[in-house]
There are 2 protein chains.
Amino acid sequence: MLAITEEKRGSMQLHVKARATRLNPDRLFGQVAHRLAVAIITGASPAGSLLPNEDDLKDEISVSRTAYREAVKFLSGKGLVEAKPKSGTRVAPREAWNLLDPDVLAWHFKADPNEKFIRDLFELRLFVEPSAARLAAQRRSDADLSRIEAAFRGMAENPPYAEPTVNADLAFHEAIFAATRNPPLQCLAPVVCATIQWSLFLKAPDDQFFFTASLIDHERVLDAIVQRDGDLAAARMSGLVIDSLNSTLRLLAGRADANTSKTA
Amino acid sequence: MLAITEEKRGSMQLHVKARATRLNPDRLFGQVAHRLAVAIITGASPAGSLLPNEDDLKDEISVSRTAYREAVKFLSGKGLVEAKPKSGTRVAPREAWNLLDPDVLAWHFKADPNEKFIRDLFELRLFVEPSAARLAAQRRSDADLSRIEAAFRGMAENPPYAEPTVNADLAFHEAIFAATRNPPLQCLAPVVCATIQWSLFLKAPDDQFFFTASLIDHERVLDAIVQRDGDLAAARMSGLVIDSLNSTLRLLAGRADANTSKTA
DNA sequence: TCCCGGATAAAGTCATACGATAGAAACAGG
DNA sequence: CCTGTTTCTATCGTATGACTTTATCCGGGA
């Protein structure tokens, strides 16, 4: 059971990684940044702790100080670390982290699922995405609509939980944000994508029922956007998010049960 | 008139700068990053354009390649630039920018006011802050409440538009976000602070009427949070945001009029 | 006891060198 | 003349060592 979970996580990680576009994993400093970030987010390097001294660290992971420092700069831009002369480079307190940053969200997939965090993300999504759907219904161009429709077809025509299906799901929600024509609002699309990915990350691949229900939810949202009915789109998007939240919470509960029965 | 506006902006910039904690302006790479970021956000370096070649640039602003590269890494973490090996470092398309990042928001104050952008920020705020107020009313601890109350007193007891008053205003809204106990949601507090600062940035300092009205709006929100009435808090926060939006739009319109009459 | 100043350690900055490669330019073949 | 291939060069990525700046710590003096 654990093995299956681990395997699933592995494939999921690759997918998530592919979406984090800002950090080039081919480059050395990118690998270092990734490694440090994961250590910070999992809590292996607790807040306030000193990162290993530059000279020691470069020795430990055998990269030059240059690469290490560029990685630190990259992370400091996201608020994960703060470097001060003489006192050292410290892991920043969690309140300073930019939890809405796409990379930071993606790095969380490397850590164990944190139920509170996932609930918080869903809560935020519930505040934002129905409003986004309303705007999308009101402001969409024909091009926006075809993009949303294409994504929906991608969900419907591919096998459940296959990679193209997941991508289409993400594309559906991204297209809705794009149709709002509000760039700052669009910056919250990664939060929505993260909740979707958490949901699928936790899911057993044979859960046909939820997939069908979710597809219907999506179709109803799409229909409201076709009709340019903002209030209806918002209401239906609320329903979609709540359904997704409930099913994800059940998965989290099941997972917790499995863990306790295993450790007991 | 222009001179006054410029002077006001100058003082405002200092204030904003003081709140951008992630970029240390004492450090050289921080100054370079700031300079590049402003050039990008104002549009002086258009999207897709190549940044000056590393060797040329280091010569132009007389810093070493190291400092320049670290600045670029800092900015690439926010999506402002993307450096690809051999082809050069390019300004990223605006869709890639993380517009919710506190630093990115702050850098916008160096550019001319962009009405669309300010409206978008207010729109997002209108989606988020009433919900935040609802959660704050439901979840606040006594400590949260005293923090909010202290901020309100700071607004009421200091002269209108003075620096302590502005800080208290920002602290009031930050404290509400803190009381939601939802870290990802709290990451949106900078957006709210940015809209407030834009509003004050544009305002004539002698507008007593708006200040008094705003104070009453704040008091009503505080009252709802004291009563732990979530729906009431949300409704009153909506009112506060809408009042602030309307007054800001008037200021923008007035500013546009002044500009056209001046250029005409 | 308190304040001041030097020692010190760590990050910050600089200059230089070399490697890898994307993209352009030159070139060969049709 | 066009197209595909090769070579070449410019530019970023990485490594290294030296030097500078800054903040903390600690000890001596008032």
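Residues numbered from 1 in each chain as written. Chains lettered and ligands numbered in written order. Predicted model: local features only at pLDDT ≥ 70, side-chain atom pairs only at ≥ 80, totals over all residues.

Caption draft 1: A look at the packing of helix H7 (residues 142–157) of chain B against helix H8 (residues 163–179) of chain B. Residues and elements named next belong to chain B. Orientation of H7 relative to H8, taken along the N-to-C sense of each, is 160°, at an axis distance of 7 Å. For the element pair H7 / H8, the angle class is roughly antiparallel. Taken as a pair, H7 and H8 cross one another with a handedness that is left-handed. Contact residues: H7 offers Asp144, Arg147, Ile148, Ala151, Phe152, Gly154 and Met155, while H8 offers Pro164, Thr165, Ala168, Asp169, Ala171, Phe172, Ala175, Ile176, Ala178 and Ala179. (Axes fitted to C-alpha atoms, helices over the stretch in contact; angles between N-to-C directions. Helix = DSSP H or I, 4+ residues; strand = E, 2+ residues; numbered from the N terminus. Parallel < 35°, antiparallel > 145°, perpendicular 65-115°, else oblique. Left-handed = near helix turned anticlockwise from the far one by under 90°. Contact = placed C-beta atoms within 7 Å.)

Caption draft 2: Looking closely at helix H11 (residues 208–226) of chain A. All names here are of chain A. Relative to the 27 Å expected for 19 residues at 1.5 Å per residue, H11 spans 27 Å between its end C-alpha atoms, a close match to the ideal helical length. Those residues of H11 lying buried are Phe210, Phe211, Ser214, His218, Val221, Leu222, Ala224 and Ile225. Buried positions in H11, seen along its axis, are confined to an arc of 160° and lie on one side of it. Exposed residues lying more than 90 degrees from the buried face of H11 are Gln208, Phe209 and Thr212. Positive phi shows up at Arg228, right after H11, with a value of about 60°. (Expected span 1.5 Å × (residues − 1). Buried ≥ 20, exposed ≤ 12 C-beta atoms within 10 Å, placed from the backbone. Arc of directions from axis to C-beta.)

Caption draft 3: Looking closely at unusual backbone geometry. Residue and element names in this part refer to chain B. The backbone phi angle of Tyr161 is positive, close to 65°, even though this residue is not glycine. Along the polypeptide, Tyr161 turns up in the loop between H7 and H8. Of note in the backbone geometry, Arg228 takes a positive phi value of approximately 60° without being a glycine. Among the secondary structure elements, Arg228 is positioned in the loop between helix H11 (208–226) and helix H12 (230–263). By the C-beta count within 10 Å, which is 14 here, Arg228 ends up partly exposed.

Caption draft 4: Layout of the relation of the copies chain A and chain B. Superposition record for chain A on chain B: RMSD 0.2 Å, screw rotation 180°, translation along axis 0.0 Å. In short, the pair behaves as if placed about a two-fold rotation axis. The rotation axis passes nearest to the C-alpha of Phe74 of chain A in chain A, at a distance of 2.4 Å. (Least-squares fit on C-alpha atoms with pLDDT ≥ 70 in both.)

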